[in-house]
Amino acid sequence: MAQNRGEEDEFINKAPLQESRETEEERKRKEEEFGYGLYPERSGSGSRFKQGSIGESLFTFRHKCHIMLQVAMDTSPYAKLLLGAMKSSGCTVHKDRHFSCEDCDGTVSGGFDAATSQIVLCQNNIHQQAHMNRVVTHELIHAFDHCRARVDWFNSFRHLACSEIRAANLSGDCSFVNEISRFNFGLKEHHQACVRGRALRSILAVRKVSREEAELVVDEVFDSCFHDHAPFGRIPHNKKDAKFAYRDYENRDRYYANL
Amino acid sequence: MAGSQSNWRPPRSCDVYWCEFKHCKSLFNRFHEYYTYGRAPDCQQWKEDYYTCKEWEKNHSTQAKESLQESERKRVAEQRKFTPVWELRQTPPADWHMPLNQGKPQDS
């Protein structure tokens, strides 16, 4: 999976399941090499609490996660645009099927699991609505890429890097305010530096690769992927930008018919 | 009347052009253009498109129509000015809607 380090989300690159049961060795390898270790509920052990149990309500944030997710889907212009675009591409998102609130390790906020076509939301690490909005947007961008392109999450560093660049660029991860809150002070073209940095960290987190190699991959695809603003048509720096983009999206039939 | 499409109308409604112009000129956007690209935004085209749109609304001139079309096509071309890293799909992934099998291997 691609994981988000810190308060970020990363893409979970899960190897497609084979026909035979995987051995304990294979499972461990996947955990180490593809980051599944950060998502213990995904890698076979399941949740500590039975779904719907009192234990779950008392000791996990699952209910809060579901509520915040619903609010994000209903009110965030970023999320609404992505959900609409995915529906147009044939990948209608159903909350119960394509989202999963789980406990995760460390400070990971979420991820996208390509094998099950699910977005994982780390209920133990997302406690504010604004954060949930951003995580949902970030992961939906991965899901959107998965839907509209032949992304080889498993084998291609370039594809992985590209999706991470796009997600960092378009989700608000690298907004001025977010960067300041991380004590990353920068002005001129700092947005690009942030996007590069976050994509690099994502690759290093999920792949056993040297920093130099990861930097080369990011450099190789950066120009292309930084300028791919689908489905927004612009880099949305705040809700107003996102609302304008959503308005353009809703108007797309008229727009293309009269070009 | 002008043109082969008598039911043509501007790709965006005129007030949207004005909205985009004001937004482009705003302090927020000017800051973010610098923060992202290290330069000042170029907002003039939105303003021109607004006036062209208004002109088309008034007298439905071919020149106004073509001017707007050219401007918007340029915008679309700008958005496509990159070589994609991946191949786009014709159809969505086959397993997107497949139900989850709890813990069991999925058939691809």
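Now for a description of the structure that goes with this document. Computed from a predicted structure; not experimentally measured.

### Side note on the interface of chain B and chain A
Then, in step 1: If you look at the interface, chain B gives 46 residues, while chain A gives 65 residues.
Then, in step 2: Of the roughly 4900 Å² buried where chain B meets chain A, counting both sides, 55% is carbon and sulfur surface.
Then, in step 3: Linking chain B with chain A are 4 salt bridges, by the criterion used here.
Then, in step 4: For the salt bridge of Glu 20 of chain B with Arg 247 of chain A, the shortest nitrogen-to-oxygen distance reads 3.4 Å.
Then, in step 5: At the boundary of chain B with chain A, the tally comes to 29 residue pairs in polar contact (both at pLDDT 80 or more).
Then, in step 6: Among the secondary structure elements, those contributing two or more residues to the side of chain B that touches chain A are α1 (14–25), α2 (27–37) and α4 (62–79) of chain B.
Then, in step 7: Here the side of chain B that touches chain A gets 7 residues from one element, more than from any other, and that element is α2 of chain B.
Then, in step 8: Classifying every residue of the side of chain B that touches chain A by side-chain character gives 23 nonpolar, 12 polar and 11 charged.

### A word on helix α6 (residues 129–148) of chain A
At 3.6 residues per turn, the α-helix brings residues three or four places apart onto the same side.
Then, in step 1: Taking 1.5 Å per residue as the helical rise, α6 of chain A with its 20 residues ought to reach 28 Å, and the 28 Å between its terminal C-alpha atoms agrees with that figure.
Then, in step 2: Buried residues dominate α6 of chain A, accounting for 18 of its 20 residues.

### A short note on the nonpolar core
Then, in step 1: Met 86, Phe 99, Leu 121, Val 136, Leu 140 and Ile 165 of chain A are the most contacted members of the largest nonpolar core, which totals 62 residues.
Then, in step 2: The element that contributes the greatest number of residues to this core is α6 of chain A, accounting for 8 residues.
Then, in step 3: Two domains each put at least three residues into this core: domain 1 (35–42 + 53–150) and domain 2 (152–235) of chain A.
Then, in step 4: Ignoring sequence-local partners within four residues, the contact set of Val 136 of chain A consists of Leu 69, Ala 72, Ala 79, Phe 99 and Leu 121 of chain A.
Then, in step 5: With 12 residues, the next largest nonpolar core counts Phe 21, Trp 46, Cys 53 and Ala 64 of chain B among its residues.

### What about the state of the cysteines?
Such a bond, covalent and formed between the sulfur atoms of two cysteines, is termed a disulfide.
Then, in step 1: All told, the structure shown has 7 disulfides over all chains when counted by the stated rule.
Then, in step 2: Between the sulfur atoms of Cys 174 of chain A and its disulfide mate Cys 194 of chain A the distance is 2.0 Å. Of note, the bridge from Cys 174 of chain A to Cys 194 of chain A carries an S-S torsion of about -80° and is left-handed in sense. Note that Cys 174 of chain A is positioned in the loop between α7 (157–170) and α8 (176–181) and Cys 194 of chain A in helix α9 (residues 190–206), a separation of 20 residues in sequence. In this structure, Cys 174 of chain A and Cys 194 of chain A share a single accessibility class: buried.
Then, in step 3: Here Cys 24 of chain B is linked by a disulfide to Cys 43 of chain B, with a sulfur-sulfur distance of 2.0 Å. Torsion about the S-S bond of the Cys 24 of chain B and Cys 43 of chain B cystine: about -80°, corresponding to left-handed handedness. Placement of Cys 24 of chain B in helix α1 and of Cys 43 of chain B in the loop between α2 and α3 (44–59) is noted, with a sequence separation of 19 residues between them.
Then, in step 4: Each disulfide in chain B links cysteines that, numbered along the sequence, combine into the pattern 1-4, 2-3.

### With respect to the pattern of salt bridges
All names here are of chain A.
Then, in step 1: Under the definition given, this model contains 22 salt bridges over all chains.
Then, in step 2: As a salt-bridge pair, Arg 158 and Glu 220 come within 2.6 Å of each other at their nearest N and O atoms. Highlighted residues: Arg 158 in helix α7 and Glu 220 in helix α10 (residues 211–226), separated in sequence by 62 residues.
Then, in step 3: As a salt-bridge pair, Asp 248 and Arg 234 come within 2.9 Å of each other at their nearest N and O atoms.

Rules used in this analysis
- Residues numbered from 1 in each chain as written.
- Chains lettered and ligands numbered in written order.
- Predicted model: local features only at pLDDT ≥ 70, side-chain atom pairs only at ≥ 80, totals over all residues.
- Heavy atoms only, no water.
- Contact = heavy atoms within 4.5 Å.
- Buried area = accessible area lost by both parts, 1.4 Å probe.
- Salt bridge = Lys/Arg side-chain N within 4 Å of Asp/Glu carboxyl O.
- Polar contact = N/O pair within 3.5 Å; in protein donor to acceptor, adjacent residues only side chain to side chain.
- Helix = DSSP H or I, 4+ residues; strand = E, 2+ residues; numbered from the N terminus.
- Nonpolar A, V, L, I, M, F, W, Y, C, P; charged D, E, K, R; others polar.
- Expected span 1.5 Å × (residues − 1).
- Buried < 20%, exposed > 50% of the residue type's maximum accessible area, 1.4 Å probe, protein only.
- Core = buried A, V, L, I, M, F, W, Y, C linked by side-chain atoms within 4.5 Å.
- Domains from an automatic or database assignment.
- Disulfide = S-S within 2.5 Å.

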